[in-house]
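Structure at a glance
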Amino acid sequence: MSLNSYRTGPDEKGHFGKFGGRYVSETLMPLVHEVEKAYREAMQDPEYLRELDELNRVYIGRPNPLYYAERLTEHLGGAKIYLKREDLNHTGAHKINHAIGQVLLAKRMGKTRVIAETGAGQHGVATATVAARFGLECTVFMGAVDIERQKPNVFRMKLLGAEVKPVTSGSATLKDAMNDALRDWVTNVHDTFYIIGTVAGPHPYPMLVRDFQSIIGRETREQIMDIEGRLPDSLVACVGGGSNAMGLFHPFLDEADVAMYAVEASGHGLNTDKHAASIAGGKPGVLHGNRTYLLQNEDGQITEAHSISAGLDYPGIGPEHVWLHEAGRVNYVSATDDEALEAFQLLCRCEGIIPALESSHALAQVMRMAPSLPKDHIIVMNLSGRGDKDIFTVADALGAEI
Amino acid sequence: MMSRLSACFERMAAEKRAAFVTFVTAGDPTHEASMEIVRGLPGAGADIIELGMPFTDPSADGPAIDKAAQRAIAGGANMQRTLEIVRAFRADNNETPMVLMGYFNPIYAYGIDLFCADAAEAGVDGLIIVDLPPEEDEELRLPANAAGIDVIRLATPTSDDKRLPTILDGASGFVYYVAVAGVTGGKSATADDIDMAVKRIKSHTDLPVAVGFGIRSPEQAEAMARVADGAVVGSAIVSMIAGGLDEKAQPKPHMVKDVLDFTAKLADGVRAGTKG
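These remarks concern the structure in this document. (Residues numbered from 1 in each chain as written. Chains lettered and ligands numbered in written order. Predicted model: local features only at pLDDT ≥ 70, side-chain atom pairs only at ≥ 80, totals over all residues. Heavy atoms only, no water.)

This part covers the pattern of salt bridges. Residue and element names in this part refer to chain A. Tallying each qualifying case throughout the model produces 46 salt bridges over all chains. Here glutamate 219 ties to arginine 62 by a salt bridge, and the two come within 2.9 Å at their closest N and O atoms. Taken together, the positions of glutamate 219 in helix H10 (residues 215-228) and arginine 62 in the loop between helix H2 (46-60) and strand E3 (66-68) put the pair 157 residues apart, joining distant regions of the chain. The pair glutamate 219 / arginine 62 is uniform in exposure class, with both members buried. (Salt bridge = Lys/Arg side-chain N within 4 Å of Asp/Glu carboxyl O. Helix = DSSP H or I, 4+ residues; strand = E, 2+ residues; numbered from the N terminus. Buried < 20%, exposed > 50% of the residue type's maximum accessible area, 1.4 Å probe, protein only.)

Time to look at the side chain of Gln213(A). Residues and elements named next belong to chain A. Within the element layout of this structure, glutamine 213 appears in helix H9 (residues 205-213). Within the local environment of glutamine 213, its side chain forms a polar contact with the side chain of asparagine 97, the two groups lying 2.9 Å apart. At 2.9 Å, the side chain of glutamine 213 forms a polar contact with the side chain of histidine 98. Contacts of glutamine 213, omitting those with residues within four sequence positions, involve His94, Lys95, Asn97, His98, Ser243 and Gly247. (Polar contact = N/O pair within 3.5 Å; in protein donor to acceptor, adjacent residues only side chain to side chain. Contact = heavy atoms within 4.5 Å.)

Residues and elements named next belong to chain A. Under the criterion given, the structure shown has five cavities of 30 Å³ or more. Each pocket or cavity is described by its volume, and for the largest cavity that value is around 350 Å³. Lining the largest cavity we find 29 residues, and of these His94, Lys95, Gly197, Ser243 and Gly311 sit closest to its centre. Taken together, the elements giving at least two residues each to the lining of the largest cavity come down to strand E5 (113-118), helix H5 (122-134), helix H8 (174-187) and helix H11 (243-249). (1 Å grid on protein atoms, 1.4 Å probe; cavity = no way out; pocket = protein on both sides within 12 Å on 5 of 7 lines; lining within 4 Å. Points joined across faces, edges and corners; volume = space filled by probe spheres on them.)

Residues and elements named next belong to chain A. Across all of its chains, the model carries 14 aromatic pairs over all chains by this definition. Measuring from centroid to centroid gives 5.5 Å for tyrosine 68 and tyrosine 82, while their planes differ by 45 degrees, and the two rings are tilted. Placement of the pair is tyrosine 68 in strand E3 and tyrosine 82 in strand E4 (residues 80-85), with a sequence separation of 14 residues. The class for tyrosine 82 is buried, based on a relative accessible area of 2%. Taken together through their ring pairs, the aromatic side chains of Trp185, Phe193, Tyr194 and Tyr205 make up a single cluster. In this structure, arginine 85 is placed above the aromatic ring of tyrosine 67, and the distance from its NZ or CZ to the ring centre is 5.6 Å. Here the basic side chain of arginine 133 rests over the ring of tyrosine 59, its NZ or CZ set 5.9 Å away from the ring centre. (Phe/Tyr/Trp six-rings, centres within 6.5 Å; stacked < 30°, edge-to-face > 60°. Lys NZ or Arg CZ within 6 Å of the ring centre and 35° of its normal.)

What follows covers the nonpolar core. If you look at the biggest cluster of nonpolar residues, it comprises 196 residues, and the most contacted ones within it are Phe249(A), Phe104(B), Phe115(B), Leu140(B) and Tyr176(B). Each residue touching Phe115(B), except ones within four places of it in the same chain, is listed here: Met53(B), Met79(B), Leu100(B), Ile107(B), Tyr110(B), Leu127(B) and Leu140(B). In terms of nonpolar packing, the next biggest core, distinct from the first, is built from 31 residues, Ala69(A), Ala343(A), Leu346(A) and Met381(A) among them. (Core = buried A, V, L, I, M, F, W, Y, C linked by side-chain atoms within 4.5 Å.)

The next point concerns the state of the cysteines. Throughout the structure, instances matching the rule amount to zero disulfides over all chains. Take Cys350(A): it sits in no disulfide, and the sulfur closest to it among the cysteines is that of Cys348(A), at 10 Å. (Disulfide = S-S within 2.5 Å.)

For the rest of this paragraph, the subject is the sheet that holds strand E12 (residues 289-294) of chain A. All names here are of chain A. Ordered in space as E1-E2-E12-E11, the four strands form an open sheet in which the pairing is antiparallel. Two strands in the sheet have a free side with no partner beyond their single neighbour: strand E1 (15-16) and strand E11 (283-287). The pairing of E1 with strand E2 (residues 19-23) spans two bridges and is classified as antiparallel. From the neighbouring strand, phenylalanine 16 faces E2, where its bridge partner is phenylalanine 19. (Pairing = 2+ DSSP bridges.)

Taken together, the contacts link 38 residues of chain B with 34 residues of chain A. For the pair chain B and chain A, the two sides together bury roughly 2800 Å², of which 50% comes from carbon and sulfur. Viewed at the interface, chain A and chain B are joined by four salt bridges. The partner of Arg183(A) in a salt bridge is Asp66(B), and the shortest N-O contact between them spans 3.9 Å. (Buried area = accessible area lost by both parts, 1.4 Å probe.)

So, on to a nonpolar patch on the surface. A grouping of Ile354(A), Ile391(A), Phe392(A) and Ile402(A) is seen on the molecular surface, where their side chains present a nonpolar patch of about 390 Å² in accessible area. Looking at the secondary structure, you find Ile402(A) in the segment after helix H16 (391-398). (Patch = residues over 30% accessible without salt bridge, like charges linked within 9 Å, V, L, I, M, F, W, Y side chains within 5 Å. Areas by Shrake-Rupley, 256 points an atom, 1.4 Å probe, with all protein chains shown as cover.)

A separate point is the packing of helix H1 (residues 29-42) of chain A against H9(A). All names here are of chain A. For the pair H1 and H9, the least separation of the axes is 10 Å and the interaxial angle reads 30 degrees. Viewed along their axes, H1 and H9 adopt a mutual orientation that is roughly parallel. Two packed elements cross with a definite hand, and for H1 against H9 that hand is left-handed. Residues Val35, Tyr39 and Arg40 of H1 form the contact with H9, whose own contacting residues are Tyr205, Met207, Leu208, Asp211 and Phe212. Residue composition of the contact of H1 with H9, grouped by class: six nonpolar, no polar and two charged. (Axes fitted to C-alpha atoms, helices over the stretch in contact; angles between N-to-C directions. Parallel < 35°, antiparallel > 145°, perpendicular 65-115°, else oblique. Left-handed = near helix turned anticlockwise from the far one by under 90°. Nonpolar A, V, L, I, M, F, W, Y, C, P; charged D, E, K, R; others polar.)

We now examine the pairing of strand E14 (residues 378-383) of chain A. Residue and element names in this part refer to chain A. Counting buried positions along E14 yields six of six residues, so the element is predominantly enclosed. Burial along E14 is two-sided: Ile378, Val380 and Asn382 facing one way and Ile379, Met381 and Leu383 facing the other are all buried. Where E4 and E14 come together, six bridges link them in parallel fashion. In the sheet register, tyrosine 82 faces E14, and the bridge partner there is valine 380. Examined bridge by bridge, strand E9 (residues 234-238) and E14 share three bridges and lie parallel to one another. From the neighbouring strand, valine 236 faces E14, where its bridge partner is methionine 381.

Once that is clear, we can look at the environment of Met101(B). Residue and element names in this part refer to chain B. On the secondary structure map, methionine 101 appears in strand E3 (residues 98-102). Among the residues examined, methionine 101 registers a relative accessible area of 10% and is labelled buried. Setting aside residues no more than four positions away along its own chain, methionine 101 makes contact with Phe23, Glu50, Leu51, Gly52, Met53, Ile128, Val130 and Tyr176.

Right, here's the structure in full:
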């Protein structure tokens with residue numbers, strides 16, 4: 001990769017420095033190569049790009065607003081805070097951005113069935129949605145624990161015609177859902193496209209999911225220039241696998257004056273064994289097709305992640321994030337369950353917006369940094385999803401009855 | 001000195017039969033019972049032993065081998081104890097090749113160079129790492145080969161003539177043909193399909209070709225043995241172990257004997273499949 005840009009990765013083998021790569025079984029290798037070829041061709045095909053652009057506008061509802069959070073800004077008393085409203089997308093989160101791109105690719109490759117893994121259910125809903133839109137068969141793998149805490153999304157997926165397969169192996173959460181999705185893919189390699197839900201997995205997925213999500217950062221750039229006439233000073237986003245953060249950050253990576261904060265979920269705290277912060281508490285390893293930082297024990301066994309937010313409850317992170325962390329370009333910080341809950345409630349009351357628990361982690365970082373920053377410091381926070389799906393979890397955590 | 005794997009396949013060729021390759025997971029269901037099973041496998045007719053290195057997230061395996069790995073980990077299995085099993089086995093068997101099979105992360109966490117040294121010292125002959133395709137295996141393959149350990153490559157139904165040269169470049173020991181697209185313990189392929197696939201692979205290499213995935217009866221083992229240089233049985237044996245456990249996942253008194261008796265029947269199947 002070129003030394004004067006942070007935006008040229010991955011290399012031709014899918015590596016971001018020593019991270020990334022293609023660590024999948026041999027049965028999948030020809031397909032993984034095929035996906036890459038199809039993706040590269042699609043990105044050169046004006047018809048594909050036109051269709052993607054049109055669906056982004058008329059189906060997802062893009063561009064979504066960059067919203068000045070006036071009362072939140074006043075409340076925190078420092079930096080000027082903007083929210084990128086990915087929560088206003090069709091299906092209520094940023095996941096639809098890469099689901100649309102991938103389903104068009106699946107169609108282009110002649111696949112008749114799509115599969116996905118999901119944690120919070122947002123990626124599963126997005127995949128079920130695009131599968132319905134294009135008439136493809138859809139199976140979503142979801143941990144049994146997550147099915148319990150995200151019932152509304154489970155029913156949504158079923159309404160959309162998807163089969164939701166409960167995963168009971170391991171910790172019955174997102175990582176186990178990904179194992180079962182890989183097992184399904186290797187078994188149905190001829191007719192099935194795996195719509196991966198984050199910037200992880202074997203190359204080319206971290207690259208293509210990032211590219212489809214980069215629309216967040218490109219729009220943000222244009223919008224902030226229109227509103228403020230200059231680039232923001234800080235970008236803030238939550239990271240589990242890291243798709244919404246990568247989407248916001250990537251178009252700004254070479255802007256030296258734009259600081260970036262990616263917020264991991266530290267659950268009950270980094271000093272406990274109940275967190276999901278792979279960068280703060282993990283070490284390099286190989287899982288689910290890529291080399292990245294993983295929560296693991298000294299024997300290389302993957303340990304269970306914990307976060308109040310199902311979408312961040314994953315023991316790994318996208319390889320490009322690890323590379324950006326080691327390069328020192330992005331600051332990786334964390335927020336606990338309690339901090340996220342506090343942020344969740346603040347945005348509800350201050351702005352009339354119910355944020356996803358995932359996005360609430362980003363807001364916790366904004367709450368931490370904004371008060372001590374000058375009033376002309378511009379923060380853009382990615383409000384990656386809406387929180388309607390989380391009201392049961394939040395009610396439970398607050399001891400309220402619904 | 002000829003490797004144990006080469007010597008084994010030469011002996012098979014002389015006897016005009018296929019090698020019977022058995023898979024069990026190290027430490028399943030307990031370290032002691034696992035050791036007893038492994039020690040008993042050659043007597044039950046195993047020509048090559050594949051020993052699974054347990055991993056929490058075996059995404060290329062079906063439920064039988066997944067559960068075996070979880071049982072082993074719950075019972076305290078780790079890489080040191082896996083190598084202990086090999087070392088103890090080698091103390092009174094210097095002939096039967098021992099191949100470690102599993103996923104890359106436990107090796108990576110152990111330290112690649114240290115692992116290769118310790119595995120060679122313990123008496124490991126080969127490695128099959130299912131999530132390490134040729135594109136990524138150099139960092140393990142080169143030090144492993146330097147330590148005298150073969151890195152066995154996998155060919156699959158998706159390995160077309162364009163892909164096979166990539167797979168075979170750097171392959172040693174034997175080629176493991178994964179007979180069906182899927183996970184372990186799933187569907188079975190027909191003997192005709194496998195015959196064709198094995199012939200195609202052999203047109204690209206002189207290495208022996210062993211076939212695995214979907215072989216669970218003596219009859220199937222016999223059919224595979226007629227068309228390949230080796231027949232691998234894993235999930236079926238591992239399921240016998242699972243069937244011999246009490247509610248607390250501890251082995252019932254006759255578990256090891258039942259597993260070895262079943263293995264012997266499979267071995268009879270392989271030996272019945274003598275070639276030409």
